[in-house]
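# Working through the structure, step by step
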Amino acid sequence: MEIKLNDRMANVELVSRQGRFATLIVDGKTYTIDMVETEKGIYSLLLNGLSYNVEVVEGQEAKSFKVNTYLYSYDIQIIDAEAKYRNRNNASVFANEKNIIAPMPGKVVKILVQDGQAVEPGQTLLIISAMKMDSEYKAKTSGTVKHILVKEGDKVDSKQVLILID
Amino acid sequence: MNLKLPNVMIHKVLVANRGEIAIRVMRSCREMNIRSVAVFSEADRKSLHVRYADEAYCIGPAPSAESYLNMDKIIEVALETGVDAIHPGYGFLSENAEFARKCIEAGIIFIGPSPEAIALMGDKITARKTMIAAGVPVVPGTTNKITTEDEALKIVDEIGLPVMIKASAGGGGKGMRLVHQKEDVKSALGMARSEALSAFGDDSVYIEKYIESPHHIEFQIFGDQLGNVVHLFERECSVQRRHQKVVEETPSPNITPEIRAEMGAYAVRAAKAVGYYGAGTIEFIMDDESHYYFLEMNTRLQVEHPITERVVGIDLVKLQIKIAEGLALPFQQDGLRQFGHAIECRIYAEDPYQNFIPSPGKILHISEPLGLGIRHDGYVYSGYEIPIEYDPLISKLIVWGQSRQEAITRMRRALLAYKITGITTSIPFLKRIMESPVFIKGNYNTHFIENNLPFLLSTDSCDEICEDVAIMAAYIHYLDQLKAQSNHIANKTASSPWKDFGRIVSIKGANIY
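Definitions and limits used
- Residues numbered from 1 in each chain as written.
- Chains lettered and ligands numbered in written order.
- Predicted model: local features only at pLDDT ≥ 70, side-chain atom pairs only at ≥ 80, totals over all residues.
- Heavy atoms only, no water.
- Helix = DSSP H or I, 4+ residues; strand = E, 2+ residues; numbered from the N terminus.
- Rg over C-alpha atoms; globule rule 2.2 N^0.38 Å.
- Buried < 20%, exposed > 50% of the residue type's maximum accessible area, 1.4 Å probe, protein only.
- Contact = heavy atoms within 4.5 Å.
- Lys, Arg positive; Asp, Glu negative; His and termini not counted.
- Charge placed at Lys NZ, Arg CZ, Asp CG, Glu CD.
- Areas by Shrake-Rupley, 256 points an atom, 1.4 Å probe, with all protein chains shown as cover.
- Pairing = 2+ DSSP bridges.
- Core = buried A, V, L, I, M, F, W, Y, C linked by side-chain atoms within 4.5 Å.
- pLDDT = per-residue confidence, 0-100.
- Axes fitted to C-alpha atoms, helices over the stretch in contact; angles between N-to-C directions.
- Parallel < 35°, antiparallel > 145°, perpendicular 65-115°, else oblique.
- Nonpolar A, V, L, I, M, F, W, Y, C, P; charged D, E, K, R; others polar.
- Buried area = accessible area lost by both parts, 1.4 Å probe.
- Salt bridge = Lys/Arg side-chain N within 4 Å of Asp/Glu carboxyl O.

### Observations concerning the overall build of chain A
- Scanning chain A for helices and strands turns up one helix and 16 strands.
- The C-alpha radius of gyration computed for chain A amounts to 21 Å, which surpasses the reference 15 Å derived for 166 residues by more than 25%, pointing to a less compact arrangement than a globule.
- Projecting the C-alpha coordinates of chain A onto the three principal axes gives extents of approximately 60 × 35 × 20 Å.
- Relative to its full complement of 166 residues, chain A shows a buried share of 41%.
- Contacts in chain A between residues at least 24 apart in sequence constitute 36% of all its contacts with a sequence separation of at least 6.
- Averaged over its 21 positive side-chain charges, chain A has a centre that lies 1 Å from the centre of its 22 negative ones.

### Concerning the overall build of chain B
- Tallying secondary structure elements over chain B gives 18 helices and 22 strands in all.
- Principal-axis analysis of the C-alpha atoms places the extent of chain B at approximately 95 × 60 × 45 Å.
- Burial status across chain B gives 56% buried among its 513 residues.
- Contacts in chain B between residues far apart in sequence, at least 24 positions, make up 66% of those at least 6 positions apart.
- Here chain B displays about 21,100 Å² of accessible surface, and carbon together with sulfur accounts for 53% of that area.
- Charge separation in chain B, taken as the distance between the mean sites of 54 positive and 64 negative side-chain charges, equals 5 Å.

### Observations regarding the sheet that holds strand β13 (residues 133-138) of chain A
Residue and element names in this part refer to chain A.
- On the basis of which strands lie adjacent, the open sheet formed by four strands has the order β13-β12-β10-β15 and antiparallel pairing. Two strands close off the open sheet at either side, each with one partner strand: β13 and β15 (155-156).
- In this structure, strand β10 (residues 106-111) lies alongside strand β12 (residues 124-130), joined through four bridges in antiparallel fashion. Directly across from K110, in β12, lies its bridge partner I127.

### Examining the nonpolar core
- With 41 residues, the main nonpolar core has I10, V13, F222, L232, I314 and L336 of chain B as its most contacted residues.
- Broken down by secondary-structure element, the contributors of at least two residues to this core are β1 (12-15), α1 (19-31), β10 (229-241), α10 (305-312), α11 (316-324), β14 (341-348) and β21 (393-401) of chain B.
- With six residues, α11 of chain B is the largest single contributor of residues to this core.
- Not counting residues up to four positions away in its chain, the partners in contact with L232 of chain B are Q220, F222, T308, V312, I314, L316 and L336 of chain B.
- Membership of the second largest hydrophobic core comes to 40 residues, among which are M131 of chain A together with I366, I427 and F448 of chain B.

### Concerning the confidence of the model for chain A
- For chain A, mean pLDDT is 87; residues scoring 70 or higher make up 94% of the total.
- The element-level mean pLDDT for chain A is lowest in helix α1 (residues 81-95) of chain A, coming to 66, with strand β3 (residues 21-26) of chain A highest at 96.

### Points about the packing of helix α5 (residues 115-122) of chain B against helix α6 (residues 124-133) of chain B
Residues and elements named next belong to chain B.
- The interhelical angle for the contact between α5 and α6, taken along N-to-C directions, is 100 degrees, at an axis separation of 5 Å. Between α5 and α6, the angle falls in the class roughly perpendicular. Taking contact as the criterion, the partners of L120, M121 and G122 in α5 are, on α6, K124, T126, A127, T130 and M131.
- Among the residues forming the contact of α5 with α6, the class breakdown is four nonpolar, three polar and one charged.

### Quick look at the interface of chain B and chain A
- Counting residues at the interface gives 47 residues for chain B and 52 residues for chain A.
- Each partner contributes to the roughly 4,400 Å² buried at the junction of chain B and chain A, and carbon and sulfur atoms together form 70% of this total.
- Linking chain B to chain A there are five salt bridges.
- Between D468 of chain B and R8 of chain A there is a salt bridge; the shortest N-O distance is 2.9 Å.

Structure below.
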């Protein structure tokens with residue numbers, strides 16, 4: 001099984017599991033852990049006597065998790081066949097670096113371009129307001145506005161595609 | 001100036017605000033056996049202040065202008081619910097003289113200073129004039145509004161470059177222009193005036209000498225309606241980003257006891273000059289040679305008031321209410337002490353690693369830090385969706401320690417234990433501030449964040465084991481989820497009508513026959 005942690009792709013294999021004890025191999029290293037769920041989504045994990053508290057929270061997408069340890073937070077994704085398939089399909093829209101995608105929720109205050117318009121890198125395409133702050137979204141490269149998918153006054157979600165650019 | 005009779009008892013308070021400050025005010029009300037009334041916009045039905053209050057009323061749509069800034073609607077609710085007083089919190093209507101006046105005219109106590117004091121201090125040129133007359137040091141510059149380039153150049157010749165051109169009605173960095181070169185004076189003046197006009201409806205601007213590497217140090221003052229004024233010491237607020245405070249601490253590591261006493265005395269003098277009562281803050285700007293100047297007065301409770309409460313040991317909201325009732329200050333200056341050290345970190349819903357872009361959204365899970373010396377003033381809970389319409393401040397973490405060093409290590413511990421998932425917050429950035437050698441040393445100024453950005457944005461890498469621990473926990477969690485799902489499905493498919501029938505009988509008993 002492949003598991004993605006931030007930018008690292010790790011190979012994980014469950015060797016055995018008996019009650020609270022599990023043996024796993026992560027990228028060639030073998031670990032035997034004693035892991036119990038203490039509250040919903042919160043685990044106490046003992047590894048060679050070291051005590052870790054790990055919180056596993058469902059992420060935005062299926063099979064993705066936000067994992068908190070005392071010191072660090074990670075984005076983790078389980079990459080199974082289904083995820084691979086889905087990523088391939090999503091890839092087309094998200095992989096096009098030119099497209100404008102909202103990184104955060106907000107409200108469209110102003111759209112400064114029209115369908116078919118040629119844009120230059122750095123040109124402001126639209127303004128989104130959230131929490132009393134206006135953010136300008138700029139073209140990353142030169143291109144032509146293919147399709148504007150939102151209108152002024154619309155509320156947008158995180159990762160929503162706003163403008164398609166060719 | 002004061003229309004009220006002394007010693008009116010306040011039994012019920014409307015809090016004209018939202019978020020953490022509304023709850024903070026209601027907490028003190030509850031301890032004083034005062035009923036609290038919340039008002040809320042349509043975006044805030046699920047907000048914690050609505051749930052915490054004894055009563056709650058909707059005052060309009062999400063945009064602030066149609067709800068939290070709607071004076072007539074708020075006063076209407078106040079009259080209908082029969083409150084004795086309105087607490088404005090900070091922001092929104094807290095420094096609006098017209099609102100304070102409307103409250104008084106409606107026969108409701110405004111928990112704050114007189115409308116006259118708000119208006120006077122709200123106009124920066126008038127405030128400067130008043131302070132000069134009272135003998136309080138102000139930043140060298142003009143006392144009258146500047147309209148022509150000639151007037152501006154004359155001042156520049158007198159005080160020297162660089163200068164700041166500022167809007168008289170200003171605040172929050174709007175209508176402000178820094179000028180380094182003489183030839184830029186004209187265009188900067190024009191831009192500051194037009195910005196001031198569009199932001200505040202008033203193009204009055206003035207010129208001040210620009211203080212290089214300034215420290216922002218403010219003094220908490222308190223006055224009663226009998227003319228007594230004391231100060232409750234300072235707060236060091238130099239950790240700022242775009243004029244927005246990020247971390248505050250008290251005592252300031254940048255002033256000596258002598259300078260503290262001097263500045264405190266000036267702060268009291270400044271407040272007395274305008275017949276001030278209630279809670280207020282005198283902001284000073286201080287250069288590297290410890291020259292300090294009056295900058296402005298905030299005529300309200302500050303966001304960062306808890307650090308003062310912690311070291312002085314006084315509930316400032318309770319004191320505000322008692323002063324509003326007409327009572328005298330229950331202590332004198334020589335009865336006040338700073339005990340230990342307090343630090344506040346403001347937790348914002350923003351992404352420090354994406355140029356601090358706001359990050360509203362749904363809170364999936366929150367675990368708050370606990371333990372000795374920790375206070376958490378917040379308003380979000382698991383499952384709460386932070387609206388996009390309002391301020392990104394989600395909570396304030398306040399720690400106390402016997403020494404500054406203990407307070408810093410305690411803050412670091414608290415920030416590590418503070419987990420909010422679902423949205424991105426400034427917690428890791430704040431933790432980095434607590435680790436910064438410049439902050440730890442203490443002689444930082446308002447350029448601290450911009451000068452230390454690479455350090456503050458870097459994350460310390462962990463050894464592989466903690467990554468692997470996270471991976472294993474996530475994997476086993478995922479496997480257990482899968483198992484639970486398949487068990488669920490298996491149970492469903494395995495059911496037969498006879499089994500179901502038997503189950504119903506056993507639950508409901510035989511009387512279904």
